[in-house]
Protein chains: 2
Amino acid sequence: MNFPPLEELIQKFSRFPGIGQKSAGRLVFYLLSQPEEDVRELAHSILTFREEIGSCPDCGGLSYHNTCPICTDGTRDKSVWCIVEQQKDVLSIERTGQFKGQYHVLGGVLAPLDGVGPDQLRINELLNRIQSLKLDGKPPAELILATNPTLEGDATAGYLGKILESNFPDIQTTRLARGIQSGGELEFTDMSTLIRSLRDRRPVHE
Amino acid sequence: MNFPPLEELIQKFSRFPGIGQKSAGRLVFYLLSQPEEDVRELAHSILTFREEIGSCPDCGGLSYHNTCPICTDGTRDKSVWCIVEQQKDVLSIERTGQFKGQYHVLGGVLAPLDGVGPDQLRINELLNRIQSLKLDGKPPAELILATNPTLEGDATAGYLGKILESNFPDIQTTRLARGIQSGGELEFTDMSTLIRSLRDRRPVHE
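1. Things to note about the packing of helix α2 (residues 21–33) of chain A against helix α4 (residues 87–96) of chain B
Geometrically, a packed helix pair is captured by the angle between its two axes and the distance between the axes.
And step 1. The interhelical angle for the contact between α2 of chain A and α4 of chain B, taken along N-to-C directions, is 140°, at an axis separation of 10 Å. When the axis of α2 of chain A is compared with that of α4 of chain B, the two are oblique. For the pair formed by α2 of chain A and α4 of chain B, the contact residues are R26, F29 and L32 of chain A on the first element and Q87, K88 and L91 of chain B on the second.
And step 2. When its residues are assigned to classes, the contact of α2 of chain A with α4 of chain B shows 3 nonpolar, 1 polar and 2 charged.

2. Some thoughts on the side chain of R175 of chain B
Residue and element names in this part refer to chain B.
And step 1. Assignment of secondary structure puts R175 in strand β6 (residues 172–175).
And step 2. A polar atom in the side chain of R175 sits 2.5 Å from the backbone oxygen of L145.
And step 3. Polar contacts involving the side chain of R175 include one to the side chain of T147, which spans 3.2 Å.
And step 4. Excluding residues within four positions of it along the chain, R175 makes contact with L145, A146, T147, N148, P149, G153, D154, A157, R201 and R202.

3. Some details on the interface of chain A and chain B
And step 1. Each partner contributes to the interface: chain A provides 51 residues, whereas chain B provides 51 residues.
And step 2. For the pair chain A and chain B, the interface holds 8 salt bridges.
And step 3. Across the pair R26 of chain A and E187 of chain B runs a salt bridge, and its minimum N-O distance is 3.7 Å.
And step 4. Counting every contact that joins chain A to chain B gives 16 residue pairs in polar contact (both at pLDDT 80 or more).
And step 5. Secondary-structure elements contributing two or more residues to the side of chain A that touches chain B are α1 (4–13), α2, α3 (36–52), β2 (62–64) and α4 (87–96) of chain A.
And step 6. Take the side of chain A that touches chain B: its biggest share by element is 13 residues, from α3 of chain A.
And step 7. Among the residues making up the side of chain A that touches chain B, the classes are represented as 31 nonpolar, 5 polar and 15 charged.

4. Topic: the sheet that holds strand β5 (residues 142–145) of chain A
Hydrogen bonds between backbone atoms are what pair the strands of a sheet, whose relative direction is either parallel or antiparallel.
Residue and element names in this part refer to chain A.
And step 1. Spatially, β4-β3-β5-β6-β7 is the arrangement adopted by the 5 strands of the open sheet, whose pairing is mixed. For this open sheet the edge positions go to β4 (102–105) and β7 (202–203), each flanked by a neighbour on one side alone.
And step 2. One ladder, built from 4 bridges, connects β5 with strand β6 (residues 172–175); its direction is parallel. Paired with E142 across the strands is Q172, a residue of β6.

5. What about the nonpolar core?
And step 1. Counting residues in each nonpolar core, the largest one holds 43 residues, and the members touching the most others are L6, F13 and I46 of chain A together with L6, F13, L31 and I46 of chain B.
And step 2. The set of elements that each furnish at least two residues to this core consists of α1, α2 and α3 of chain A together with α1 (4–13), α2 (21–33) and α3 (36–52) of chain B.
And step 3. The element that contributes the greatest number of residues to this core is α2 of chain B, accounting for 7 residues.
And step 4. When near neighbours in sequence (up to four residues on either side) are disregarded, F13 of chain B contacts F16, L42 and I46 of chain A together with I19, A24, L27, V28 and L31 of chain B.

6. Description of helix α6 (residues 151–167) of chain A
Residues and elements named next belong to chain A.
And step 1. The end-to-end C-alpha distance of α6, which contains 17 residues, comes to 24 Å, matching closely the 24 Å that a straight helix rising 1.5 Å per residue would cover.
And step 2. Taken residue by residue, α6 has G153, T156, A157, L160, G161, I163 and L164 as its buried positions.
And step 3. Tucked inside the fold, the buried residues of α6 contact β3 (80–84), α5 (123–135), β5 and β6.

7. Overview of the confidence of the model for chain A
And step 1. Scored by pLDDT, chain A comes out at a mean of 89, with 98% of its residues at no less than 70.
And step 2. The ipTM for the predicted assembly is 0.76, set against a pTM of 0.73.

8. Considerations on the relation of the copies chain A and chain B
And step 1. Superposing chain A onto chain B requires a rotation of 179° together with a translation of 0.0 Å along the rotation axis, leaving an RMSD of 0.1 Å. In short, the pair behaves as if placed about a two-fold rotation axis. Among all residues of chain A, the minimum C-alpha distance to the rotation axis is found for A43 of chain A, at 2.2 Å.
And step 2. A share of 100% of the interface residues of chain A reappears at the interface of chain B, consistent with the copies meeting face to face through the same patch.

9. With respect to unusual backbone geometry
All names here are of chain A.
And step 1. Backbone geometry places H65, a non-glycine residue, at a positive phi of 55°.
And step 2. Its location among the elements puts H65 in the loop between β2 and β3.
And step 3. Take H65: its relative accessible area is 47%, and that puts it in the partly exposed class.

10. Quick look at the packing of aromatic side chains
And step 1. On inspection of all chains with the given rule, the structure shows 8 aromatic pairs over all chains.
And step 2. Ring centres of F13 of chain A and F16 of chain A lie 5.6 Å apart, and the angle between their planes is 75°; on these two criteria the pair is classed as edge-to-face.
And step 3. Judged by its relative accessible area of 5%, F16 of chain A is buried.
And step 4. Between the aromatic rings of F99 of chain B and Y103 of chain B, the centroid separation amounts to 5.2 Å while the plane-to-plane angle is 65°, which identifies the pairing as edge-to-face. The burial state of F99 of chain B is the same as that of Y103 of chain B; both residues are buried.
And step 5. Each residue in the set F13, F16 and Y30 of chain A together with F13, F16 and Y30 of chain B is aromatic and connected to the rest through ring pairs, giving one cluster.
And step 6. For R129 of chain A, the ring lying beneath its charged end belongs to W81 of chain A, and the centroid distance is 4.1 Å.

Calculation criteria
- In this convention, every chain numbers its residues from 1, walking through the sequence in written order.
- Labels are handed out in written order, letters beginning with A for the chains and numbers beginning with 1 for the ligands.
- Residues qualify for local features only when their pLDDT is at least 70, as the model is predicted, and side-chain atom pairs are given and counted only at 80 or more; totals for whole chains, interfaces and linings, by contrast, use all residues.
- Side-chain metrics in this entry use all non-hydrogen atoms of the structure; hydrogen atoms and water are not considered.
- Axis geometry follows a simple rule: fit a line to the C-alpha atoms, using only the stretch in contact for helices, then measure angles between N-to-C directions, giving values from 0 to 180 degrees.
- In DSSP terms, a helix is any run of H or I states spanning at least four residues, a strand is any run of E spanning at least two, and both are numbered starting from the N terminus.
- Small angles under 35 degrees read as roughly parallel and large ones over 145 as roughly antiparallel, with 65 to 115 read as roughly perpendicular and the rest as oblique.
- Only heavy atoms enter the contact rule, under which two residues are in contact if any of them lie within 4.5 Å.
- Note on residue categories: nonpolar means Ala, Val, Leu, Ile, Met, Phe, Trp, Tyr, Cys or Pro, charged means Asp, Glu, Lys or Arg, and polar means any other residue, Gly included.
- Whenever two N or O atoms come within 3.5 Å, that pair is a polar contact, provided that in protein one can donate a hydrogen and the other can accept it, and provided that, for residues adjacent in sequence, both atoms are side-chain atoms.
- We define a salt bridge as a side-chain nitrogen of Lys or Arg found within 4 Å of a carboxyl oxygen belonging to Asp or Glu.
- Paired strands are those between which DSSP finds at least two bridges.
- We call a set of buried residues a nonpolar core when its members are Ala, Val, Leu, Ile, Met, Phe, Trp, Tyr or Cys and they connect through side-chain atoms within 4.5 Å of each other.
- Type-normalised accessible area, obtained with a 1.4 Å probe on protein chains alone, sets the label of each residue: buried when under 20%, exposed when over 50%, and partly exposed for intermediate values.
- A helix's residues, less one, multiplied by 1.5 Å, set its expected span.
- Think of pLDDT as the predictor's per-residue confidence, scored from 0 to 100.
- For the least-squares superposition of copies, only C-alpha atoms count, and only for residues with pLDDT at least 70 in both.
- Only rings of Phe, Tyr and Trp enter the pairing, Trp through its six-membered ring, and a pair is recorded when the two centres are within 6.5 Å. The plane angle decides the type: under 30 degrees is stacked, over 60 is edge-to-face, the rest tilted.
- Remark: a charge is flagged as sitting over a ring if the NZ atom of Lys or the CZ atom of Arg is within 6 Å of the ring centre and within 35 degrees of the ring normal.

Encoded structure:
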């Protein structure tokens, strides 16, 4: 007895992070128990979402209908930027409601053992972005290196801090305050800790 | 900053069993990192699967293109049936490769506190199904009450056993052997235990 579409979907779900074969089966049987209309809507949402959400070529954050809601928002502060690892980190910081500046998404952290060096991150894009704004006379005054407080995140921030200081000595580089738990991840940090760490940010090399 | 399709999909995923708001976010960002073609295929699989997989009006198991692969399989033994709680239990038993009879899916267990009585399960369908086969002179000789070895599963089997014995005293009712772990679930039982429990099945009231 074989149900190809069922097996296929279980295989697809089991590729999701944190979802094994058994959990994938549960999800599929859950979908089977839902009204056909709801399942159709889910499939539609998945399609729409992937078509409408993209990456901003400037900041590397999420774009919606090819427009970055942050880069194009004239009311936001252009003088302070948050440099983060991942797009989801932008959402985490936005959720605090305490930061109204710009972002730059690195797309990861330095991890030499996994073959991720400076060229694999959006570091050159960051330098070019600042350089061209500098030529226009509107460079940022401060860059908050908001990488995760992990070994790799700290190393990346340290590396970035040195590069930025030597290229743009007049731009202040800061780091989120160590209110954030060491070894944890931005995504799972509670709101008040995240707010505190934004407020208490310190210079990279003090 | 708002990404309606993103938030919508996170909401939809977080309705899945065992998936919270944070895990749903992970799934969505995972999808965002996948090639658009793969995501399109996933959406397509979800649609196809829900359209092609249904329920057999006779046994209550899964049907594929409106045909039940078990009920319509002429090579299967019509004299012995497995009565199970859920459609997924059929797949678990099929996976053992040791049972070649028919199935009847109850659609749950008796749970008076949750408002599930005999009328909410496919018990009348079972009795009618046997009755009409009896009129044709081809009733089953044995019914294996393969509900989960839980409190509710045992109670349901006990209840069913009495009804079946009084309605069809010439049909033997059996229960899966207690090789299966008490308090566990069929879906997560290892293969050899499940095979053993099929082989060692005992009469309901002995």
